[in-house]
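Structural overview for review
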Amino acid sequence: MTSCDAIVIGGGHNGLTAATVLAKAGRRVMLFEAGALGGTMATVEVAPGYRSSALSHLVNRLAPEVVAATGLEMTCLAAPPAPTVVLGDGDPVILRGGYGARLEGVGAEEALAFASLRAKLMGQAAILGRMLGHRPPMPGDFGLGDAWHLGLTGLAVLRKGRAEARDLMRMILTNVADVADEYLTDDRLKGLLSFDATLGAHLGPRSPGSLLGLHYRLTGSAGGVAGGQIVPRGGMGTLAAAFVSAAERAGVELRPGTRVARIEAVQGRATAVTLAGGEVVSAPVIVSAIHPGTTFLRLVDPAEIDTGLTRAFRRHRSKGNVAKLNLALNHIPAFGGLAEADLAGRIVIARSTDHVESAFNPAKYGAFSPDPAIEVVLPSLGQPEMAAKGCTLSALIQFAPYDLKEGWAGGAPRLLDTVLDILDRHAPGLRAGVIAADLLPPTEIEARCGLPGGHWHHGEMTPDQLLFNRPVHAAAGYATPLDGLFLASAGSHPGGGISGLPGLNAARHVLEVAR
Amino acid sequence: MKQHDVILIGGGHNGLVTAGYLQRAGLNVLVVEKNPWVGGAATSRDTGTGVTFSNCSYVCSLFRPEIMRDLELPKHGLQIISYEGGAVFTRDGDYLASYRDHDSHRREFARFSARDAEAYESYARDVTRQCRFIQPLLMRTAPDPVSFKPRDIAELLWIARRFGNFSAEEMAATVRFWTMSIADFLEEYFETDVIKAYLALSGIIGTALGPMSPGTAYVLLHHYMGEVDGSVGAWGYARGGMGAVTQALAASFTAAGGTIRTDAGVAKVLTKGGRTRGVVLETGEEILAPRVVSNADVKRTFLKLVDPADLPDPFLHRVKHFKMRGSSGKLNIALDGLPDFPALPEGSRCAMGDMHFTDSVERMERGYDDWKAGRWSADPFVDMMIPTQLDPTMAPPGQHFMSCFVQYCPPKLEGRDWTDADRAAFAETVVSQIADYSPGFRDRIIGMEVRTPRELEAEVGLTEGNIFQGELTFDQLLFNRPVPGYAQYRSPIPGLYICGSSTHPGGGVMGAPGRNAAAEILRDLRMHPKEMRPAHDVL
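A brief structural summary.

So, how was this worked out
- Residues numbered from 1 in each chain as written.
- Chains lettered and ligands numbered in written order.
- Predicted model: local features only at pLDDT ≥ 70, side-chain atom pairs only at ≥ 80, totals over all residues.
- Heavy atoms only, no water.
- Helix = DSSP H or I, 4+ residues; strand = E, 2+ residues; numbered from the N terminus.
- Rg over C-alpha atoms; globule rule 2.2 N^0.38 Å.
- Buried < 20%, exposed > 50% of the residue type's maximum accessible area, 1.4 Å probe, protein only.
- Contact = heavy atoms within 4.5 Å.
- Areas by Shrake-Rupley, 256 points an atom, 1.4 Å probe, with all protein chains shown as cover.
- Lys, Arg positive; Asp, Glu negative; His and termini not counted.
- Charge placed at Lys NZ, Arg CZ, Asp CG, Glu CD.
- Pairing = 2+ DSSP bridges.
- Expected span 1.5 Å × (residues − 1).
- Axes fitted to C-alpha atoms, helices over the stretch in contact; angles between N-to-C directions.
- Phe/Tyr/Trp six-rings, centres within 6.5 Å; stacked < 30°, edge-to-face > 60°.
- Lys NZ or Arg CZ within 6 Å of the ring centre and 35° of its normal.
- Nonpolar A, V, L, I, M, F, W, Y, C, P; charged D, E, K, R; others polar.
- Disulfide = S-S within 2.5 Å.
- Buried area = accessible area lost by both parts, 1.4 Å probe.
- Salt bridge = Lys/Arg side-chain N within 4 Å of Asp/Glu carboxyl O.
- Polar contact = N/O pair within 3.5 Å; in protein donor to acceptor, adjacent residues only side chain to side chain.
- Core = buried A, V, L, I, M, F, W, Y, C linked by side-chain atoms within 4.5 Å.
- 1 Å grid on protein atoms, 1.4 Å probe; cavity = no way out; pocket = protein on both sides within 12 Å on 5 of 7 lines; lining within 4 Å.
- Points joined across faces, edges and corners; volume = space filled by probe spheres on them.
- Domains from an automatic or database assignment.

On to the overall build of chain B. Helix and strand content of chain B: 17 helices and 21 strands. The C-alpha atoms of chain B give 22 Å as radius of gyration, which agrees with the globular expectation for 539 residues (24 Å, within 12%). Dimensions of chain B, computed from the C-alpha atoms along their principal axes, are close to 65 × 60 × 45 Å. Across the 539 residues in chain B, those meeting the buried criterion constitute 63%.

Spelled out as structure tokens, the structure:
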């Protein structure tokens, strides 16, 4: 039987981060990944010669502390923040810098209003962001460290003054639609905020609590710019490679293509994993960086965990609402009639709050939006090596629920048709130039990425599944009821997006408790 | 002329509660009311059919028993008849009965699903735990978390200690409960659509949210925390209609020496040197008093009655953005006989309580989608009851009063104002839904009063027709209600207070905002309310 100091299950960015950090602390780490390393970060060929990012397509929240702790090579991200173009009715709005530090396409008064809202939300995000980089405070297990962090957060709130502190407490669980209405008049900007706040979630902009999604986005940064975003050179696969080489440099033994079949436990203590091939590898620490539901409902023997935990994981809400589309095109689509430089970031098709809200309605009843809101990235732009002729297009389509009543076999072609129509309206001629199309509804994301429910945050990021309730209370804060088994995926605090923080926090927690 | 210590604007139930306590504490209080009657949204009246209607609110449960005792309301004629039973009619001709008795209720659930009957035990236990935590907060002023006054800090610690009594699991469950949607919450327990629909309705009544909106699980509590005669969670009819509550409050107030002036709409609150001086009536008459308390909602009070120059801009801004959003309508129907519901057995006591026709959460949510789009629900959720079966004082023999609370009904129709034709079409939507389950129902109607948010605003003065004087979402609860920093019944103008449902703990015929406001006013006067007995925990 092979043994090592720590086993990491899952080679996504969080698994790689956790493994690297543990290895750098001197542990002998083995990482098992059922598929290819990199998880949702991969560059794929849509058609021969046309490469796009498989699932995630932007970097906007990779945490600086993760980069520092893993020694990540960042050359693929060496670029200024990319713009966001909002396409509604009429002319586009362009946001430049960190989440629209500069605006084009709106009047001076609206630009001022946006700036004041942006400053408010960025300020609040900076405070909330302080909660992300460490273990969440756990009720019943409130230590000095928690008191210290909470105290610092409290001070940060108070430094902003009483009025801002009150605003934060009022706004924290409010909805994005009302906040947008309070500050803005431009429907395209309201549409963008509504879209960003709800992307990936089973929420509409009018759902209470939806503003938190926007706060979460604004806690991120890229290239040192808060609220910034960067399209990585060579697609997301390049970033995956950087994570992999950091792990290799740290001495992690990487075993891609190796499925873990079971987590073995004896008397409430996880001791080893059995691989699909029958090999058993033992270690005192097992870190699972795959979906928490899979970990507990599929890998652990039900006899080893109590029924309460099983029930909690059955209740865990983790069904995706977004479909991914990759296109190979024979030309560069001229979205909104804009120049290529303006299209180098993301293009958001969201006309208004009502557009996003009514796009959400069908998702509640198991149907996809007939008029979805869409985020488009052109990964090959300025990179002939990604598409020698023409262009690749990567889009996120909101809303497309996992449980489609009509079934995705029939639904996917209909959704593709709908989306191509919309894209063609904003970039005339696009449809005629499609060489190949690959639409991934949540069921397909589930199959290709091993993500149950196809939810890329590994669980809804609503307040009932955050902090000490993420993923579920009994398995929050990285430790689990099984001694020696830890969780490190996006399903744990602080949640999804390419941040690496769940992996980093989990590894640090392991180093603290399992010396 | 008699000099008044306090003028109270608006004779709704909260206003009369505040007035009652202040008068009994020895202050000289004048209530001014724009209508020819007092009672606000809890009024009984006959609009020409010979049958008495409860104008807006229609059942009683939340009204705090401490207030009933302090103000001696039973002595002044208030009698609550607790009722039992209810039914949700399903589209397949069956019905789900509800009973006050836990075991009967459970047995009825078992008729649909053994698993759901089992789950009802843990559901009831979990909801009761939440009620037990929330309920004592109702009768206390919400602490301001950033004021650092000793009193606020002490109150915060008191709440933290109560929270600390929970086990770690219970704390986590409490945070989940507060932020979940009622649909998701019920999904964790039950599998049967009609059972979920029946339980979900408490999460949406009066709220401009659908059952799938986060935060609605909390609204559920507002409908569970009540009690009638010490019987927790019970609901009752006020004998004589809901006006009996306010009439008893008014009688108690005048018996203590207070004065009520009806037909006296207030045009402005008078101030001088930044202090409250009194009010000007619509007739131009000035009435002076050093303290004015408004029972009107926060928008009406500060945007209509107060000179904006007297208010700081950030406060005004927040008042303007306070969410009112009416979401309900009401049909008061006079009937010449009991309607027949073939689904129910003859003489079933289920007909004595709430009857509904919405048998799935999805139908409720779709009703909300209509509201979001600025339409009334094509397939509305109706909470229907016929109180005259238990209270014969409201109708001549053989005739009946039927109250239909209707959700959802927007304050504006696709951005435009309601017309009488719209109102008639809205009523037809509701009547035809009832008629689907009660053949011959239309022929029994001898009179009908239809209230959309337009009528609620015009008659009762509820801005946008919101029955809770403001949405019960987290950003408008506790220290956020109605305006952060002004959640303790005071306003930026010294001497001006608010006491309506716009304040903590919010709507329902509860009286708690009125009592809490009275306590704060007396505190400012350094007076001790002799009659104010401590609130009690009932659970």
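Another point: the overall build of chain A. When its secondary structure is counted, chain A shows 15 helices and 21 strands. Relative to the globule expectation of 24 Å for 515 residues, the C-alpha radius of gyration of chain A, 22 Å, shows essentially globular dimensions. C-alpha atoms of chain A, sized along the principal axes, occupy 65 × 60 × 45 Å. The buried share of chain A, taken over its 515 residues, is 63%. Contacts in chain A between residues at least 24 apart in sequence constitute 73% of all its contacts with a sequence separation of at least 6. Summed over all atoms, the accessible surface of chain A reaches about 17800 Å², with 54% contributed by carbon and sulfur. Considering chain A, the positive charge centre built from 45 side chains and the negative charge centre built from 46 side chains are found 4 Å apart.

Right, let's talk about the pairing of strand β13 (residues 275-281) of chain B for a bit. Residues and elements named next belong to chain B. Summarising burial for β13: 5 of the 7 residues are buried, a large majority. Here 3 bridges tie β13 to strand β14 (residues 286-288), and the two strands are oriented antiparallel to one another. Note on β14: the bridge partner recorded for Gly278 is Leu288. Linking β13 to β14, which pair antiparallel, is a turn of 4 residues; within it Gly284 sits at a positive phi near 100°.

With that out of the way, let us pick up helix α7 (residues 187-198) of chain A. All names here are of chain A. In a regular helix each residue adds 1.5 Å, so 12 residues correspond to 16 Å; α7 covers 16 Å between its end C-alpha atoms and thus fits that length. Among the 12 residues that make up α7, 11 are buried, leaving the element largely enclosed by the rest of the structure. Once α7 finishes, Gly200 follows within two positions and takes phi at roughly 85°, a positive value.

Our next topic: the sheet that holds strand β13 (residues 269-275) of chain A. Residues and elements named next belong to chain A. Across the sheet, which stays open at both edges, the 4 strands sit in the order β1-β14-β13-β12 with mixed pairing between neighbours. Of all strands in the sheet, those bounded by a partner on one side alone are β1 (2-3) and β12 (260-266). As judged from the 6 bridges shared by β12 and β13, these two strands associate in the antiparallel manner. Within β13, the position partnered with Ile263 by the bridge is Val273.

On to the sheet that holds strand β21 (residues 485-487) of chain A, then. Residue and element names in this part refer to chain A. Strand order in this open sheet of 5 strands is β11-β3-β2-β15-β21, and the pairing throughout is parallel. Among the strands making up the open sheet, the edge pair consists of β11 (253-256) and β21. The average undirected angle you get between the axes of adjacent strands in this sheet is 20°. As judged from the 4 bridges shared by strand β2 (residues 6-9) and strand β15 (residues 285-288), these two strands associate in the parallel manner.

With the rule as written, the count across this model stands at 31 aromatic pairs over all chains. Relative to B:Phe163, the ring of B:Phe133 lies with its centre 5.8 Å away and its plane at 55°, an arrangement referred to as tilted. With a gap of 30 residues between them, B:Phe133 in helix α4 (residues 114-138) and B:Phe163 in helix α5 (residues 150-164) connect regions that are remote in the sequence. Note on B:Phe133: relative accessible area 7%, which makes it buried. Centre to centre, the rings of B:Trp418 and B:Phe426 are 5.9 Å apart; their planes meet at 75°, and the pair counts as edge-to-face. There is no split in this pair, since B:Trp418 and B:Phe426 are both buried. Taken together, the ring pairs in this structure connect B:Phe109, B:Tyr120, B:Tyr123, B:Phe177, B:Phe185, B:Tyr189 and B:Phe190 into an aromatic cluster. Positioned above the aromatic ring of A:Tyr216 is the side chain of A:Arg61, whose terminal nitrogen or guanidinium carbon lies 3.7 Å from the ring centre. A cation over an aromatic ring shows up here: B:Arg366 above the ring of A:Tyr365, its NZ or CZ 3.7 Å from the ring centre.

Moving on: the pairing of strand β6 (residues 84-87) of chain A. Residue and element names in this part refer to chain A. Burial of the side chains of β6 extends over both faces: Thr84 and Val86 are buried on one face and Val85 and Leu87 on the other. Bridge analysis of β6 against strand β7 (residues 93-96) gives 3 bridges, and the strand direction is antiparallel. Looking at the pairing, Val86 lines up with Val93 of β7. Linking β6 back to β7 in an antiparallel pair, the connection comprises 5 residues, with Gly90 at a positive phi of about 85°.

Before going further, it helps to examine the packing of helix α3 (residues 102-112) of chain B against α4(B). Residue and element names in this part refer to chain B. Close contact between α3 and α4 brings their axes to 7 Å; oriented N to C, the two are set at 145°. Packed against α3, whose contacting residues are His102, His105, Arg106, Phe109 and Ala110, the element α4 presents Ala114, Asp116, Ala117, Glu118, Tyr120, Glu121 and Ala124 at the interface. Residue composition of the contact of α3 with α4, by class: 6 nonpolar, 2 polar and 4 charged.

Once that is clear, we can look at the state of the cysteines. Residue and element names in this part refer to chain A. Applying the stated criterion across every chain, the model contains 0 disulfides over all chains. As a non-bridged cysteine, Cys76 has Cys449 as the owner of its nearest cysteine sulfur, 19 Å distant. In this structure Cys76 comes out as buried when scored by relative accessible area, which is 8%.

Let's shift gears to the interface of chain B and chain A. Counting residues at the interface gives 37 residues for chain B and 30 residues for chain A. Across the chain B to chain A interface the summed buried area is about 3100 Å²; carbon plus sulfur atoms make up 58%. Counting across the chain B and chain A interface gives 10 salt bridges. With a closest N to O distance of 3.2 Å, A:Arg317 and B:Asp184 form a salt bridge. At the junction of chain B and chain A, the tally comes to 18 residue pairs in polar contact (both at pLDDT 80 or more).

Turning our eyes to something else, we now look at unusual backbone geometry. With an omega of -5°, the peptide bond between A:Arg470 and A:Pro471 qualifies as cis. One can find A:Pro471 in the loop between α14 (442-449) and β21. Residue B:Gln407 is joined to B:Tyr408 through a cis peptide bond whose omega torsion reads 10°. Locating B:Tyr408 in the fold gives a position in the loop between β19 (400-407) and α14 (420-437). Notably, A:Gln267 is not glycine yet its phi reads approximately 50°, a positive angle. Following the sequence through the fold, A:Gln267 ends up in the loop between β12 and β13. Of note, the phi angle at B:Asp263 is positive, near 50°, even though the residue is not glycine. Within the secondary structure, B:Asp263 is located in the loop between β11 (259-261) and β12 (266-272).

This part is about the nonpolar core. Ranked by internal contacts, the top residues of the largest apolar core, which has 102 residues, are B:Phe63, B:Tyr123 and B:Phe190. In terms of residue count, α4(B) provides more of this core than any other element does, 10 residues in total. With near-sequence residues (within four places) excluded, B:Phe190 lies in contact with B:Phe109, B:Arg115, B:Asp116, B:Ala119, B:Tyr120, B:Tyr123, B:Ile195, B:Lys196 and B:Leu199. Counting residues in hydrophobic clusters, the runner-up holds 52 residues, among them A:Val67, A:Leu77, A:Leu239 and A:Val244.

Over the atoms, a rolling probe the size of a water molecule traces out where space has been left empty. Applying the stated criterion across every chain, the model contains 11 cavities of 30 Å³ or more. Here the largest cavity defines a volume of roughly 150 Å³. Residue lining of the largest cavity: 14 residues in total, with A:Pro208, B:Trp178, B:Pro214, B:Gly215 and B:Phe474 positioned closest to the centre. For the lining of the largest cavity, a count of residues per class yields 10 nonpolar, 4 polar and no charged. Counting only domains with at least three residues in the lining of the largest cavity, you end up with domain 1 (6-43 + 59-79 + 241-323 + 470-537) and domain 2 (119-233) of chain B. When its volume is computed, the second largest cavity comes out at roughly 80 Å³. Along the walls of the second largest cavity sit B:Ile134, B:Leu137, B:Leu138, B:Trp178, B:Tyr218, B:Leu477, B:Leu478, B:Arg481, B:His504 and B:Pro505, which together make up its complete lining. If one sorts the elements of the lining of the second largest cavity by residue count, α4(B) sits on top with 3 residues. For the lining of the second largest cavity, the class distribution of residues is 8 nonpolar, 1 polar and 1 charged.

Looking now at the environment of B:Val51. Turning to its location among the elements, B:Val51 is positioned in the loop between β3 (44-46) and β4 (52-54). Not counting residues up to four positions away in its chain, the partners in contact with B:Val51 are B:Arg45, B:Asp46, B:Ala334, B:Met394, B:Ala395, B:Pro396, B:Gln399, B:His400 and B:Phe401.

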